Amino acid sequence: MAIKFNYILINTLFVLGLSFTSCDDMLRPNQIGVQTVDATFTDFSGSLAAVNGLYGVMNNGNWFSSSLLQIDQASDDVTNGSILIAAYSAIDYFELVEDNSISYNLWDGFYKIIYRANVIIERVPQVKFPTLSSKNSAGLLFENQFLGEAYFMRAFSYYNMVRLFGDVPLHLNEIIATSEINIPRSSATLVYTAIISDLEKAGDLLPPTYSNTGKGNEKGRVTKWAAKSLLADVYLTLQQYDKAKLLALEVIQKSNRKLVPNYSDLFAKGIEGKENSDESLSYGAKS
Amino acid sequence: MIFLQIKRKSIGYTLFLIVLFFTSLISINAQPKKTEKVTIKVKDRPIENVFVEITRQTGVKFFYSNATLSKIKHVTFTFSNIALSDVLDQITKKTNLYFNRIDNTISVSLEKIVEERAIEPTPKTRTITGIITDESGVPVIGASIVVKGISNGTISDSNGYYSISNVAPSSVLTFSYIGLRSENVKIAAQNQVNVTLCELSIELSEIVAIGYGTMLKRDLTGSIAGINYKDIRLMPIVSVDQALQGKIPGVQIVQSNGAPGGAVQVHVRGINSTSGGGVNQPLYVVDGIPIVFNETEQNFGLGFEGISGGAASNGSSPLSTINPNDIESLEVLKDASASAIYGARAANGVILITTKTGKIGKTKINLDSYYGLQNIMKNIPLTNARERAQLVFEHRRNAGTRFAEGYEFLAANPYLLEEGTNWVNEVFRTAPTKNVALSANGGNDKFLFAVSADYQKQDGIVINTYSERLSTRVNLDVIASPKLKFGTRSSFSFQKTNQIDNDEFNQGSLLGLSVLSPLLPVYDSQGNFAGTPFIMYNGSGQNISVGSGLASEGFGNIVANILSKKRNANRYRINSSLFAEYKILAWLKFKSSFSTDYLFSDLFSFDPLWTRGAQTEPNMKVSQNSPKSINWLAEQLLTFSKKMKKHDLNAILGFSAQQFTDFYFGAQANGSTSNALDQFWNQTNYTNISGGQVNAALLSQYGRVNYIYNDKYLLTSTLRRDGSSRFGTNYKYGFFPSFSGGWRISQENFFKKIKFINNLKLRVSYGVTGSQNIDNFLYMATMSSANTVFGNTIVPGVAPSRFENEDIHWEQNKQFDVGFDLGFWNNRISITADYYAKRTDGLLATSPISVISGVGGSVIRNIGIVDNKGFEFAINTVIFEGKFRWTTEFNISTNQNKVVNLGSLPYINGASIGRINAYTNTGQWINRTEVGHPIGGFYVILQNEKQITSWEEAATMPLPGGMGGVSFLMPGDYGWVDQKTVDSDGDGNPDKGDGKIDDNDRVWVGSPFPDFFGGLTNTFSYKGFSLSTLLSFQYGNKLWNQPRLVSEFGEGNMWRSSFENRYDPTNPNVQTSVPIIRTNNPLPPSNRFLEDASYIRLRNITLAYEIPIKIIEKIKLDRLKVYVQANNLFTLTKYTGWDPEANSFGSNVITNGIDIGAYPQAKSIVFGLNIGF
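Residues numbered from 1 in each chain as written. Chains lettered and ligands numbered in written order. Predicted model: local features only at pLDDT ≥ 70, side-chain atom pairs only at ≥ 80, totals over all residues.

### Comments concerning the overall build of chain A
Okay, step 1: On a plain count of helices and strands, chain A comes out with eleven helices and two strands.
Okay, step 2: The linear arrangement of helices and strands in chain A, starting from the amino end, is α-α-α-α-α-α-α-β-β-α-α-α-α.
Okay, step 3: Considering chain A as a whole, with its 287 residues, one finds that 36% of them fall into the buried category. (Helix = DSSP H or I, 4+ residues; strand = E, 2+ residues; numbered from the N terminus. Buried ≥ 20, exposed ≤ 12 C-beta atoms within 10 Å, placed from the backbone.)

### Thoughts on the overall build of chain B
Okay, step 1: From N to C terminus, chain B includes 18 helices and 62 strands.
Okay, step 2: Within chain B, contacts between residues separated by at least 24 positions form 71% of all contacts whose residues are at least 6 apart in sequence. (Contact = placed C-beta atoms within 7 Å.)

### Focus on the confidence of the model for chain A
Okay, step 1: With 80% of its residues at a pLDDT of 70 or more, chain A has an overall mean of 81.
Okay, step 2: Below a pLDDT of 50 lies the segment residues 18–22 of chain A, which in the model reaches eight contacts outside its immediate sequence neighbourhood of four places, other chains included. (pLDDT = per-residue confidence, 0-100.)

### Remarks on the sheet that holds strand S21 (residues 350–355) of chain B
Residue and element names in this part refer to chain B.
Okay, step 1: Within the open sheet, the five strands sit side by side as S15-S20-S21-S18-S19. Their pairing is mixed. Either end of the sheet is taken by a strand with one partner, and the two such strands are strand S15 (224–228) and strand S19 (289–291). The mean inter-strand angle of the sheet, taken between neighbouring strand axes irrespective of direction, is 25°.
Okay, step 2: Across five bridges, the pairing between S15 and strand S20 (residues 327–333) is antiparallel. What sits directly across from Gly-226, in S20, is Glu-331. (Pairing = 2+ DSSP bridges. Axes fitted to C-alpha atoms, helices over the stretch in contact; angles between N-to-C directions.)

### Notes on the packing of helix H9 (residues 224–237) of chain A against helix H10 (residues 241–254) of chain A
Residue and element names in this part refer to chain A.
Okay, step 1: At their nearest, the axes of H9 and H10 sit 8 Å apart, and the two run at 155° to each other. Overall, the two elements H9 and H10 adopt an arrangement that is roughly antiparallel. For H9 against H10, the interelement crossing comes out left-handed. From H9, Trp-225, Lys-228, Ser-229, Leu-231, Ala-232, Tyr-235 and Leu-236 reach across to H10, where they touch Lys-243, Ala-244, Leu-247, Ala-248, Glu-250 and Val-251.
Okay, step 2: Grouping the constituent residues of the contact of H9 with H10 by class yields nine nonpolar, one polar and three charged. (Parallel < 35°, antiparallel > 145°, perpendicular 65-115°, else oblique. Left-handed = near helix turned anticlockwise from the far one by under 90°. Nonpolar A, V, L, I, M, F, W, Y, C, P; charged D, E, K, R; others polar.)

### A closer look at the interface of chain A and chain B
Okay, step 1: Listed as interface residues are 50 residues of chain A and, on the opposing side, 52 residues of chain B.
Okay, step 2: Secondary-structure elements contributing two or more residues to the side of chain A that touches chain B are helix H1 (2–21), helix H2 (37–40), helix H3 (44–56) and helix H6 (101–123) of chain A.
Okay, step 3: Ranked by the residues each element gives to the side of chain A that touches chain B, the list is headed by H6 of chain A, at nine residues.
Okay, step 4: Its residues placed into classes, the side of chain A that touches chain B shows 25 nonpolar, 17 polar and eight charged.

### Quick word on the nonpolar core
Okay, step 1: Core analysis: the biggest nonpolar cluster contains 136 residues, and Ala-150, Phe-152, Ala-155, Leu-199 and Ala-227 of chain A together with Val-285 and Ile-353 of chain B have the highest contact counts within it.
Okay, step 2: Beyond its immediate stretch of four places on either side in the chain, Ala-150 of chain A contacts Val-51, Leu-54, Ala-117, Ile-120 and Ile-121 of chain A.
Okay, step 3: Listed in part, the 76 residues of the second largest apolar core include Ile-461, Ala-560, Met-957 and Tyr-974 of chain B. (Core = buried A, V, L, I, M, F, W, Y, C linked by C-beta atoms within 7 Å.)

Have a look at this one:
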């Protein structure tokens, strides 16, 4: 009896032991509370959240409302206040060092948008959206809208960077490993080529308006007209006036948007967000 | 007489086997096997080898004395399946040795016993009885007693009792036991002989725990040092880590928080990593279960608000939850050869703890109890109210801001003031500490048990601080059959502590003692806690508060803060394992175990609302964090052990899987209008609610081979393969090999001539270990939150924030060790020395990357290299032996810590230290970690040697400030050294200062780590008395004295020594160490407050008396011992703060060597009692 018991016990322990020690899955435990990049781009809501993340940089106080504005320190319109901030003075006196916090924040912010856009551009086409949620309020494919938003935001970032700094590193693909980060600067001409290409695609892919009904259709997203206007701006900068004129005309004639008669009304209390929307290309309220 | 079998066994035998062995000895089977046949082939070997072989084949044991065998030359025999009796006859023929068999034991002698036995016993012979005990009065079971010269022998029973008959007059009885020194007693008229057997001076037969097995100490090839239960029991200790202090070379114990239950950092051979938390702590393995070091609190960054230094400062050393009375032995695996069997967790050494198991024999019940009183080690006198008035008056005068606010009046009329409040006396107290531990231990050859319960309460020397621990343990062993054994090791402990803040800005910290004005009373006239402003009365009850200036006296009322805040930590630990062991073959054993370790904690803090004087705090606040760690371990282990002639081979092969799950839930709440309503449900507003779970796992395979040739050449090799869920795919499994060799030179024939050296062993080892204490999921490309706003609505967004890094892996530690063990005159003097060199590479550090990455400017990577090198030396001597016995143990160690590489990081600065003025030119940090210097080396500005004596001189001094800093210096200030950083003549060498004091003027001035440290233990014993002292010391480290900084800042109070040493502007040519007291006292991060923290400390002195057994037998006790012990009686140090061992930032190693008013250790006197019955 005792022997039999021992035998059973030992065998049980062996089997238990082996079953415990042989499961390699243990080393890939559930990633609780963590979302991987791969897992994000598997469905509609993940892709949408990633596209929303493109705009997220703009909420960053250091970046959008401070650093971008501080560029004006270089002009004669703005000057350092009573509390002298060295980083601002450096811009004012054109003594920009590499770790100036303003230029650092600009690089950081724009390249964050660029990286996020690159990830979206590479990964969204592989996501299979369910038919029910595949179209936006304009009746167009969400997949195209997402790509259009990414192309627009990437172009927008490079357009600001190239105007501020001239030649800049041109990342157009998702960075996978840290070894891929550092690349030489590309010539401004190449950067502009990329910007124009992106904005042309955005102009084709983006919907003209948003209904503000449901996720992904919020007003405030960039539209087809935003892309075309920005492209017109790019051509103006490049002194290609004919192309600029053509695009601007298209926006004026087809976009159903108009300028606010009184410029200061854009900022008046109570008007902002209502009347402003007539002019705003991204906040376009009239549909 | 010795027992051959044990002497010859070497490696891989567990304590269990020893127990079994004695079991078989005591319960001698009266029925010898009928046909005992043996097969033996030896050629020119000692006769012992034949006996060993017979014992192995038949189970029959031999008794003999060394003297008997010393006369026998080497023998050559060939027996093939011959009956044992015939074999013995043949041996007798060849060697003239005679054998006498009683049951399963055969005694060996030079005379023919059969004939002697034939003679009728003469009436002169008697029967002698007695009890054999060890030094601590515990009965020695299974000791052998023989009459010298003849082979008449017996064995003591489970009570240590023996009876031996046929003892002729004037015979000499020899009493012996493994590991104890044999005693010879000449028989005169007495019929009773009680003997105390002392331990061998160095236990060559001592068995030490190594990972997954045990080994004879003499066969070790790695560096392992330990303490055993006797050391632990000698000292009434609250926590096990205290027992290690000053005892083990290469192991430094840093008590970063002297509060009861306070955190202890254990550094084995220096610090390997720049990371904080438990990363630099050794792995603790209790009865084979690697236990978690509060990982949940680390993973989630939990801790109390106001307590800096991370989770490890919260008093969470795994050792603090263990009842010291339960510990049988504790070993520290230091070098890679010893620790590599624990692979990816062994980089900082391994601490193996083995708890007591049941011993065969009568059930023994032990009661250990102590009671003690603790007090502050050092009193730092502060200024009294009269001096304070003088101080404030001067402060205003010197600053040129004299107000008509009464100080001038008070300074001129000091008799109006009394002493005022002595805050030191209000905050420190004499605190009791007590402990009761009860244990029962016993069993028979089928069932063994050791159970215990322990209650310990230690009040802190600071009011309202305490630690309380309740623990129980059940260790059971069931010997189901000669082949199968199973059992459990289970313990439960509950620890409850209350601490104080140590963050100076939370105002409960002891730093407040150097700030609080003596003019501020603790209580107002109504008996409530006083605040400011307050009405001040003189001795005659007259109101002498003059003007409004008094309203600014003092900061918070520290007594009120400490008494009314709560910083409770409740920790519950359940540690349990179930194992079964099966002997498949005589040389092959299989062990399977399943263990769990649960650690549940509740960290509760409460900040009351209050009104003190005109000050009010309208909001009360409660917060609670409840981390839980659960980890289970399944382990399968095969142990081989085979001895063939000169070859002795032992090996293990194991597999294990361990899973760690950490949970936590935490929240803060406020809104209650009464301090009585301090529960969560009483609150109206809930904030910071958070929680989560993290999983991690470790899959491991490991093996070890020990090979010993001819007892001279020792080889050990280990290999562990650890797979961790924390590692990237490219490094999912890590291999951790080690190799070591030993040469017992003293066993060589050529060496045997050197009689005075009885042991000389050379050891060398090399191996690789790792530290897997890294964050989970670092290898994955993950998204983080990036919400945005459309219109007026927040819309959730995410953004890729980290690149995939499948190269993330453990921090790797390569260690080389060479050492020797040397024993003189039968180990009267024994020496162990080691040199080691460790290199840790792949340090995880935040490394800067270009922001064009799109994920920000930094990424965590395996970069960085840190070196640790050092010598360890230990010498143990027996100066006197005999009735008066004096032994010493001395050890000293050096460790040199150096950062070799930080990847692309130029340096890492330590944490900011408060009250160092924040200038635009300098940071507020003191420590910097940079290549070529130790981790957290001190990098500060140098203060000028001489004080400024004139305004003209002051005007020439470079200043450390721009905005908000010091706008001018004045006589009585010190200036700072403007280092030559400007190259004015263009020769490439800086030759001139830049005219301002800034971070460029910092220089390296020392290290937070000592050049050397160690301890000296002296033990004297005479009859039942024993006296033991332990001195510990360290030399060469520096410590930042923030309490002195605050004192000399003159904010609210001053140390009297600072006050008396202050600069007197009316006597400008007298140099003083304390500069002029004025507004905006310039305090850049200079060497002014860095002090030498070398010390020698009398850590404890213990006097014990063991009541003689004759007396206590009458009151039916086995054992009664009383002792008195004094701890931390005196300290020689130049450090002017409370405690040179302070280390406020605890496990944050890049900010080591900072005292921001750390809770000092106490001195104490303790009375104790051990009773056995």
